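Descriptive analysis of the structure
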Amino acid sequence: MSFNYFTSFRTIEVTDFLKALGICLVVLNHSSWHNLEGGLNILILISGLNFARFSLKKGNTELAVDIARLLKKLLIPSLLLMGFYSLLFNKFDWKEIMLISNFFYTQKIAAFPVWYVQVITQLMLVIAVSAFMFNFAKWTRISLLGFSLVMLIFSILIPPFIDQYISSAELFWKLPHYIAWNFILGWVVWACIEDENQSPLKLCICWLLIVISAFIVFQIYQDISINRFLIFSSFATVLLLFKKIQVPTIFYRLIVILASAVFYIFLLHGGIMYVIQILMRDHFSYATIAVCKFFISISLCCMLFILITATLNALKTVRESSSKMSNNN
Amino acid sequence: MPTLFSHIYTFRHNTAVINDSGEHYSYAKLYADAIVCTEQLGQESKLVFINARNNYSTVVAYVACMLGGHPVLLVAADNPQQLEELVNSYQPNFIVNTLTDTPEFKVYNSKTVQLHNELCLLLSTSGSTGSPKLVKISHSNIISNSDAIIRYLEVTTTDRAITSLPIHYSYGLSILNIHLRVGASIVLTDLSVTNENFWKIYKQFSVTSFSGVPYSFQALLSVNFDFSSAPSTRYVTQAGGKLSQNVILHFANQLKLTNKLFFIMYGQTEASPRISYLPPDQVFEHSDCIGIAIYGGSLTLHDDKEKEITDSGVAGELIYRGPNIMMGYALGQNDFASMEYMEALHTGDIALRKSNGLFKIIGRVSRFVKPFGIRVNLDDIQNNLSNTDAIVAVTGNDEKILVVIQTENETLISSISHQISLSYTLPLEVFQIEMVSTIPRLSNDKFDYKYLLKLFVEDVKQKSNTRLFLDEFKKEVLILLGVAAQPWNSVADIYSSILNNPTCDDLSTFRSLSGDSLSYVAVSSALNQYLGNLPDNWHNMSIQSLQDLRYGNEF
């Protein structure tokens, strides 16, 4: 007699699971499934949640230091890659390298979503400066939830004002004031999840905020496909309701690798897809190319993540071993 | 045969259990519900596994098994993987589902399982063999241990506990046992000790005792909890690992102000589980001690030659004797029929006795190592492998178990590798197998383990940087793919390695070390592997608190 009950599962944090799903959606979207939108918005939401979780309640100076560290990890590989593409295509755009081209045009040289690096950098700098100007540390200690809600309302209301001066639609809304709400919503979700006095009512209110914010931005401000709103709201609901989920053991490691390799996939999948497109366009159907783009780019990016991480860790061990040997001698 | 709860009907008018929505269940009700369950189990002794939760249904099922003389194992209901492993290994007659108010007894194996008539309880312990190892506890073990605990805690019918720990955990279970045994009451809740509602319930029902493991107290410290806000408390207990002295003193000071008692306790699953306690009046001056043996038991120290150490201040292995020592281990269903009389329990800890008679633990016995947190007896492995045609010496440390075979026959290496892979759940790469023509020995003819360890493990052979890089690269790739496990030495090792921050200390946390979303996945994955089970709030817990979670077999 056997039970369905007895299957082999591993527990994984929902944020990791959704990170893996989110990046897969991004790659699927770029592979040709353009109706699968919202992946990047989920990643931004989780980034915001983690920011609130690890950094937001710190002192203003510590917060600024954390932001600087985060930007360093983000910018060094991004700028190197931008440099690589500049050399490859023999083109140079100082606005792109200076991380401000998203305010001027949507064209880019580097074959990855440069706008995202630019927007996050701009947003982080605004947050760092604002933290000192408005003493974030004081307000987050009084009430993280209250502070986050105020910031969310502000971030939802600000876009129409700025749109009087910048034509956001022409720039496909790839601007910090159109992403801030998404990032700050992560703060709200975290403040709600970590609240020890959590109640179904609070969860409901948080959920409504997610849905209303997403609706306002996606459907009213941007008036884009309903898919993004639906997918984003669904994933955000899962994030709100569950801290951990169980996944079949067979998928656990794959999900962990995907979640760890998000930044690699983000930076590199565009270039890989470009190469696949060139190699396959005259020989295979559109659908086959799309499928190959997805699987090959995800696999190659994950393999590169593993190889680069393994190389860096091995080099570190060799350095430590050499240092130990020379100390002993 | 008397069981732990044979007499509970005499308390029929008392409240036995209160659930967190305020429902009171009397002993009469509990007894009646348990009797109904025993009728489902039948007259013949059955092996029962319970999917345990901190709820009334679990308590009914457990009491029913104890009353009916059916050996029972409580398994965490939120760990189906563990249940599956245990069920596959031991093929119980019944599996109990406790989701509903009334426990559901489902038949899993209708064949008779041979069960010793003394066997009453099974407790899980970390083991190094292929199947999960269980500790067999007899009726007399649990009765004597419960009575001893009741004696020093002075538990009476007016006491009321709360399930601050899971019932499936032997420390949590011991709290349930002692309170039901004396006709006291227990409040059932799944809430965490850092949840405000836990303390609301605590005060609402005037709970008189709080029991925690090191993590509980660290968590309370992090939220500046003060026991003066829980005036009904009479005493607090701590077991489940070593709590740092400054935290002990912090709470001891707090409790002293309101005349509450603080008991530091020590034990092992194999001792049902309590071995010793520190009298509350000694906690300030001797917070580093495990105290004195419980009533009916005794603690002694033995040196390498098994000779008793009588002088104070001299270290030796801590040996416990008492009526609560288990009736042996079970590795398979067949083991339930037998009883092993154990005159003494070798704790595996090195301790010394202070001049005032209190014992203090200072380390671990060298023939025990703890790769991946699993306590391994090297003598056990050596004895098992010595059944082959070769002479085998086994030694090691927390990273590597060295198996040295005295033979000229190379095929023996593969046969021993095969035997190791079949017998032990540890990853094969923890084992290092070497072949020698003669194993070096000491003058007393014992194997020279120190020399072997130094020769094959500790002395780093001079590898070229390229060779070292390639070996490390291969290892790292296998770890990232999940094929191999990284042998972390400690939580600090994980943090300093992944966060690249060598400045971490015991009080550092993931947040304070500037961990962020980019390093989060790698750190949580490594901690999950190292600790086994990661609490929700891990990123706010200090390195010391997380490290304390590792030693799960010490109570």
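The rules behind the values
- Residues numbered from 1 in each chain as written.
- Chains lettered and ligands numbered in written order.
- Predicted model: local features only at pLDDT ≥ 70, side-chain atom pairs only at ≥ 80, totals over all residues.
- Heavy atoms only, no water.
- Axes fitted to C-alpha atoms, helices over the stretch in contact; angles between N-to-C directions.
- Helix = DSSP H or I, 4+ residues; strand = E, 2+ residues; numbered from the N terminus.
- Parallel < 35°, antiparallel > 145°, perpendicular 65-115°, else oblique.
- Left-handed = near helix turned anticlockwise from the far one by under 90°.
- Contact = heavy atoms within 4.5 Å.
- Nonpolar A, V, L, I, M, F, W, Y, C, P; charged D, E, K, R; others polar.
- Buried < 20%, exposed > 50% of the residue type's maximum accessible area, 1.4 Å probe, protein only.
- Pairing = 2+ DSSP bridges.
- Right-handed = clockwise from strand over helix to strand, strands pointing away.
- Salt bridge = Lys/Arg side-chain N within 4 Å of Asp/Glu carboxyl O.
- pLDDT = per-residue confidence, 0-100.
- Disulfide = S-S within 2.5 Å.
- Buried area = accessible area lost by both parts, 1.4 Å probe.
- Polar contact = N/O pair within 3.5 Å; in protein donor to acceptor, adjacent residues only side chain to side chain.

Structural notes on the packing of helix H3 (residues 60-89) of chain A against helix H12 (residues 262-280) of chain A
Residues and elements named next belong to chain A.
- With their axes 10 Å apart at the nearest point, H3 and H12 run at an angle of 15° to one another. Considered as vectors, H3 and H12 are oriented roughly parallel to each other. Note that H3 runs across H12; the crossing there is right-handed. Residue-level inspection shows Lys-73, Leu-74, Pro-77, Ser-78, Leu-81, Tyr-85 and Phe-89 of H3 in contact with H12, the latter providing Phe-263, Leu-267, Leu-268, Gly-271 and Tyr-274.

Some words on the packing of helix H1 (residues 14-31) of chain A against helix H11 (residues 249-260) of chain A
Residue and element names in this part refer to chain A.
- With their axes 8 Å apart at the nearest point, H1 and H11 run at an angle of 70° to one another. Here H11 runs roughly perpendicular to H1, going by the angle between their axes. Of H11, the residues touching H1 (which contributes Asp-16, Phe-17, Lys-19, Ala-20, Ile-23 and Cys-24) are Ile-255, Leu-258 and Ala-259.
- Of the residues belonging to the contact of H1 with H11, the class tally is 7 nonpolar, no polar and 2 charged.

With respect to the pairing of strand S13 (residues 261-267) of chain B
Residue and element names in this part refer to chain B.
- The buried fraction of S13 is high, at 6 of 7 residues.
- Here 4 bridges tie strand S12 (residues 235-238) to S13, and the two strands are oriented parallel to one another. By the bridge assignment for S13, Thr-237 is matched with Phe-263.
- The handedness of the S12 to S13 crossover, carried by helix H8 (residues 245-257), is right-handed.
- Connecting S13 to the next strand, strand S14 (residues 274-278), in antiparallel fashion are 6 residues, including Ser-272 with a positive phi near 70°.

What to know about the pattern of salt bridges
All names here are of chain B.
- Using the criterion set out here, one finds 12 salt bridges over all chains in the structure.
- For Asp-147, the salt bridge identified is with Arg-181, shortest N-O distance 2.7 Å. Here the residue Asp-147 occupies a position in helix H4 (residues 139-153), and Arg-181 occupies one in helix H5 (residues 170-181), the gap between them amounting to 34 residues.
- Bridged by salt links that share partners, the residues Asp-288, Lys-354 and Lys-360 form one connected network.

Here's the deal with the sheet that holds strand S5 (residues 94-97) of chain B
Residue and element names in this part refer to chain B.
- One open sheet holds the 7 strands; their spatial order is S6-S5-S3-S4-S7-S8-S19, and the pairing between them is mixed. Only two strands of the sheet have a single neighbouring strand rather than two, namely strand S6 (104-107) and strand S19 (329-330).
- Pairing analysis gives 5 bridges linking strand S3 (residues 48-52) to strand S4 (residues 72-76), with the strands arranged parallel. Bridged to Asn-51 within S4 is Val-75.

What about the confidence of the model for chain A?
All names here are of chain A.
- Counting all residues, the mean pLDDT for chain A is 87, and 95% of those residues have values of 70 or more.
- Of all helices and strands in chain A, the one with the weakest mean pLDDT is strand S1 (residues 9-13) (80), whereas helix H5 (residues 114-133) scores best (93).
- Low pLDDT (under 50) marks residues 1-6, which in the prediction has 14 contacts with non-local residues, meaning those over four places away or in another chain.

What to know about the state of the cysteines
All names here are of chain A.
- Scanning the entire structure with this criterion turns up 0 disulfides over all chains.
- Counting only cysteine sulfurs, Cys-302 is the nearest neighbor of Cys-24, a cysteine outside any disulfide, at a range of 7.9 Å.
- Here Cys-206 is not disulfide-linked; the sulfur of Cys-192 is the nearest cysteine sulfur, at 3.9 Å.

Focus on the interface of chain A and chain B
- With 49 residues of chain A at the interface, the matching set in chain B holds 49 residues.
- Carbon and sulfur atoms supply 55% of the area buried between chain A and chain B, which totals about 4200 Å² over both sides.
- Our count for the contact surface shared by chain A and chain B stands at 3 residue pairs in polar contact (both at pLDDT 80 or more).
- Listed by contribution, the elements that provide at least two residues to the side of chain A that touches chain B are S1, H1, helix H2 (39-56), H3, strand S2 (244-248), H11 and helix H13 (286-328) of chain A.
- No other element matches the 15 residues that H13(A) contributes to the side of chain A that touches chain B.
- Its residues assigned to classes, the side of chain A that touches chain B comprises 20 nonpolar, 14 polar and 15 charged.

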